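If you want the building blocks of each chain, they are given just below.
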Amino acid sequence: MHRYYQKDAETMPVEKIKELQSKKLIKQVNHVYENVPYYRSLMDKKGVKPQDIKSIDDLHKLPFLTKADLRDAYPYGLLATDLKNCVRIQSTSGTTGKRVVAFYTQNDIDLWEECCARAIVATGSSNKDVCQVCYGYGLFTGGFGLNGGSHKVGCLTLPMSSGNTERQIQFMMDLGATILCCTPSYAAYIGESLKERGYKPEDNKLKVGIFGAEPWTEEMRRDIEKSLGIKAYDIYGLTETSGPGVAFECEEQNGMHINEDHFLAEIIDPDTGEVLPEGSRGELVFTSLDKEAFPLLRYRTRDICVLTRENCSCGRTFIKMTKPMGRTDDMMIIRGVNVFPSQIEAVLLNCGYAPNYQIVVDRFNNSDTLDVYVEMSPENFSDTVKEISKKEKLLASEIRTMLGISPVVHLVAPKSIERSEGKAKRVIDKRRSIGITT
Ligand code: DLL
């Protein structure tokens, strides 16, 4: 039996979705034009007035909004309602520059939590479940978003936040958690920690995992599913558009349905800004149709994926996005070749290694270098130097086949690469620190 949290919305006929989106878009454009001088000036510069937007077909007339705009307008410049109507802020981690602060009215929070509730129910879960939320609570949206969704569904919610893996495991086992919410890298770490403590996958009561906030491959999904004995579902979102729950996977586990009644998605060519037809790979752009406090029109996410609208066996009619394979700004150009960390991850896991790795890019004598550090398993740690070097060469050759450039692979001791409790840091690009842009 298919389960939905809000069946009417989630299974709405496509023409109805488009009608609804058009209606909401017109309202939203008027709302921001009247209330946000920053938007008004962007639209005036582009020569577009609210009355030019008559349906979603006119969306392309609107200017894009970028992360640079959000930084420019920090902190209140994009606020579209009186501050007294706002009840919360959340914020990005600010690792790539000044933080972005997003504001929420109570209505914004309710809609956000409903999106997360849809994601939880789409995994087959219900109010009988025990939901362990180990995304960070605080300014990061992961903890509060899934916590709110879990409450709406009526699950018993364990607000663990991230870290303290010993305690996570204790609560998971003692309280019989059935849903695990965290980043995929933390899920892999929890799986590894359970094994080290002598637990088998069938010893825990977990049924599903709801993992997101960072790119992860299909290989990583299989690995986590095996180590925890669960089905692992993807969830996507970003602080700017509210947080997790913008898109979520259903039982097909094959792409994420975008909550199109609240978010209008486009794919553009990241270089030219041209809107690309359905099925093309490009940068994902979102317009938030319902957000009151911090609405975004045509926000460039920098995430690269494909959108497709096909009949889904789950009955949902919302368009699907593929797993983002990385951000435009995650893409490394190494010796002229475009490289995403996820491509390297896929090779490592296919070759039987655990997802504990780090990629170091540097430049010597005007040539880029690519070093991949990968942990050995405790079993092959006992290998001789000769055997290890043979394995390194084999792995390097597999990576070269995937990327077209040769890395140097270093197999390192088990546990020597730092584990992540939140978003994993997979890449150290030393060229950036010496001012070389890629
Ligand atoms: O990561 C929100 C979130 C929390 C999503 C918990 C899912 C689960 P930010 O910190 O603002 O928000 O980071 C947003 O993370 O633009 C993507 O690049 C990346 N990202 C989020 N979900 C996925 C995913 C949260 N499922 C940025 N797959 C986004 C790949 C993801 N990348």
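The residue numbers shown here count from 1 along each chain, following its written sequence. Under the rules for a predicted model, residues below a pLDDT of 70 receive no local features and side-chain atom pairs below 80 are neither given nor counted, while totals for whole chains, interfaces and linings still include all residues. Derived side-chain values reflect all non-hydrogen atoms in the structure, with water molecules and hydrogen atoms excluded from consideration.

Student: Let's hear about the site of the ligand: which residues, and what values?
Tutor: Summary of the distance rule: residues count as near a molecule or strand when at least one heavy atom falls within 4 Å of that molecule or strand. Around the ligand, the surrounding shell holds 21 residues, and the nearest of these are D234, I235, T239, D303 and K423. Whenever two N or O atoms come within 3.5 Å, that pair is a polar contact, provided that in protein one can donate a hydrogen and the other can accept it, and provided that, for residues adjacent in sequence, both atoms are side-chain atoms. One of the backbone N or O atoms of E214 is found 3.2 Å from a nitrogen atom in the ligand. With respect to the ligand, the side chain of D234 contributes an N or O atom lying 2.8 Å from a nitrogen atom. Elements that contribute at least two residues to the shell around the ligand include exactly α6 (141-153) and β7 (231-238). For the shell around the ligand, the element with the highest residue contribution is β7, accounting for 5 residues. For the shell around the ligand, the per-class residue count stands at 9 nonpolar, 6 polar and 6 charged. Secondary structure follows DSSP: runs of H or I at least 4 residues long count as helices, runs of E at least 2 residues long count as strands, and numbering of each begins at the N terminus. For this scheme, ten residues count as nonpolar: Ala, Val, Leu, Ile, Met, Phe, Trp, Tyr, Cys and Pro. Four count as charged, namely Asp, Glu, Lys and Arg, and the remainder, Gly too, count as polar.

Student: Just give me the short version of the packing of aromatic side chains, but keep the residues and values in it.
Tutor: Only Phe, Tyr and Trp rings are paired, with Trp represented by its six-membered ring, and only when their centres lie within 6.5 Å; those with planes under 30 degrees apart are stacked, over 60 edge-to-face, the remainder tilted. One pass over the full model with this rule turns up 9 aromatic pairs. Taking 6.0 Å as the distance between ring centres and 50 degrees as the angle between the ring planes, the aromatic pair formed by Y186 and Y189 counts as tilted. Linking Y186 with Y189, this pair stays in helix α8 (residues 184-196), spanning 3 residues, or about one helical turn. The residues Y186 and Y189 share a single accessibility class, namely buried. Taken together, Y76, F103 and F294 form an aromatic cluster joined through their ring pairs. Put simply, a charge is over a ring when the Lys NZ or the Arg CZ is close to the ring centre, within 6 Å, and near the line of the ring normal, within 35 degrees. If you follow R40 out to its NZ or CZ, it ends over the ring of Y33, 6.0 Å from the centre. For R221, the ring lying beneath its charged end belongs to W216, and the centroid distance is 5.7 Å. Residue exposure (1.4 Å probe, protein chains only): buried if accessible area is under 20% of the type maximum, exposed if over 50%, otherwise partly exposed.

Student: Before we move on, can you summarise the sheet that holds strand β18 (residues 408-412) with the specific residues and values?
Tutor: Paired strands, in this sense, are two strands between which DSSP finds at least two bridges. One open sheet holds the 4 strands; their spatial order is β18-β17-β16-β19, and the pairing between them is mixed. Every interior strand has two partners, whereas the edge strands, β18 and β19 (427-429), have only one. Pairwise comparison of adjacent strand axes, ignoring direction, gives a mean angle of 20 degrees for this sheet. By the bridge criterion, 3 bridges tie strand β16 (residues 357-364) to β19 in an arrangement that is parallel. For helices, the fitted line uses only the C-alpha atoms of the stretch in contact; every axis is such a line through C-alpha atoms, and the angle between N-to-C directions lies from 0 to 180 degrees.

Student: Got a sec to walk through the domain arrangement of the chain? Specific residues and values, please.
Tutor: Looking at the chain, the domain boundaries give domain 1 (1-327) and domain 2 (332-434). Domains are outlined according to an automatic or database domain assignment. Domain 1 and domain 2 are separated by 30 Å when their C-alpha centres are compared. Counting from both sides, the interface comprises 26 residues of domain 1 and, opposite them, 17 residues of domain 2. We define buried area as the total accessible area lost by two parts upon association, computed with a 1.4 Å probe and summed across both. Surface buried jointly by domain 1 and domain 2 totals about 1,600 Å² across both partners, of which 56% is contributed by carbon and sulfur atoms. For salt bridges, the criterion is a side-chain nitrogen of Lys or Arg within 4 Å of an Asp or Glu carboxyl oxygen. Here domain 1 and domain 2 share 3 salt bridges between them. The shortest N-O distance in the salt bridge between K415 and E192 comes to 3.5 Å. If you look at where domain 1 meets domain 2, you find 10 residue pairs in polar contact (both at pLDDT 80 or more). Of all the elements in the fold, those that place two or more residues in the side of domain 1 that touches domain 2 are α8 and α9 (218-228). Broken down by element, the side of domain 1 that touches domain 2 gets its largest block of residues, 6 residues, from α8. Each residue belonging to the side of domain 1 that touches domain 2 can be placed in one class, and the counts come to 10 nonpolar, 8 polar and 8 charged. Between two residues, a contact is recorded if the distance between any of their heavy atoms is within 4.5 Å.

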